[in-house]
Amino acid sequence: MLIVVPNRRGIWARLDTTPFGHGRPYSRGQLERLLTEALFTPMEWTSALYMPPVDRQWLVRWATVFERIGARLWPGFAGVIIVEARQGADGPRCPRRHRQRARRSSRLPVACSG
């Protein structure tokens, strides 16, 4: 699965005039927790959109430079976080806390093996 979400620290998530200015932005830690709880394993992480969200033609010409410099100098302030995640090939495995919770209450659905 490939996920692209607004970065909580990025300027793109702070402006309503951008596509990423609506909804909920995430930090890498929040996204990692959500994926783990949903029984996915994050495989690869990257970031993008270091260019400020401006509509000035002369500044847009410098987008490639902004992306290269931003990736090296300000990696935590990218506009989006991109993560590739997958579920195990042999089926999902329950984290220990899920198994313990299932044992305590038989009313909870258990959707994983182990």
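The shown structure was predicted, so the numbers you read here are calculated from the model rather than taken from an experiment.

(A) Representation of the packing of aromatic side chains. All told, the structure shown has zero aromatic pairs when counted by the stated rule. The ring of Phe77 carries Arg9 above its face, with NZ or CZ at 5.9 Å from the centroid.

(B) View of the sheet that holds strand 2 (residues 41-48). Judged by pairing direction, the sheet is antiparallel, and its three strands sit side by side in the order 1-3-2 without closing on themselves. Across the chains shown, the open sheet's two edge strands, defined by having one partner strand only, are strand 1 (2-6) and strand 2. Here the strands of the sheet are splayed against their neighbours by 25 degrees on average, with no regard to which way each runs. Here strand 1 pairs with strand 3 (residues 80-86) via five bridges, running antiparallel. Each residue of the ladder has a partner; that of Pro6, found in strand 3, is Val80.

(C) A nonpolar patch on the surface, seen in detail. A cluster of nonpolar side chains, Trp58, Trp62, Val65, Ile69, Leu73, Trp74 and Phe77, forms an exposed patch at the surface whose accessible area comes to about 800 Å². Broken down by element, the nonpolar patch gets its largest block of residues, three residues, from helix 3 (residues 63-73). Tracing the sequence through the fold places Ile69 in helix 3. Looking at Ile69, the relative accessible area reads 39%, which means it is partly exposed.

(D) Highlighting the nonpolar core. Counting eight residues, the largest nonpolar core is built from Ile3, Val5, Tyr26, Leu31, Leu35, Ile81, Val83 and Ala85. Counting only elements with at least two residues in this core, the list comes to strand 1, helix 1 (28-37) and strand 3. Here this core gets three residues from one element, more than from any other, and that element is strand 3. In this structure, Val5 is in contact with Tyr26, Leu31, Gly79, Val80 and Ile81, ignoring residues within four places of it in sequence.

Definitions and limits used
- Residues numbered from 1 in each chain as written.
- Predicted model: local features only at pLDDT ≥ 70, side-chain atom pairs only at ≥ 80, totals over all residues.
- Heavy atoms only, no water.
- Phe/Tyr/Trp six-rings, centres within 6.5 Å; stacked < 30°, edge-to-face > 60°.
- Lys NZ or Arg CZ within 6 Å of the ring centre and 35° of its normal.
- Pairing = 2+ DSSP bridges.
- Helix = DSSP H or I, 4+ residues; strand = E, 2+ residues; numbered from the N terminus.
- Axes fitted to C-alpha atoms, helices over the stretch in contact; angles between N-to-C directions.
- Patch = residues over 30% accessible without salt bridge, like charges linked within 9 Å, V, L, I, M, F, W, Y side chains within 5 Å.
- Areas by Shrake-Rupley, 256 points an atom, 1.4 Å probe, with all protein chains shown as cover.
- Salt bridge = Lys/Arg side-chain N within 4 Å of Asp/Glu carboxyl O.
- Buried < 20%, exposed > 50% of the residue type's maximum accessible area, 1.4 Å probe, protein only.
- Core = buried A, V, L, I, M, F, W, Y, C linked by side-chain atoms within 4.5 Å.
- Contact = heavy atoms within 4.5 Å.

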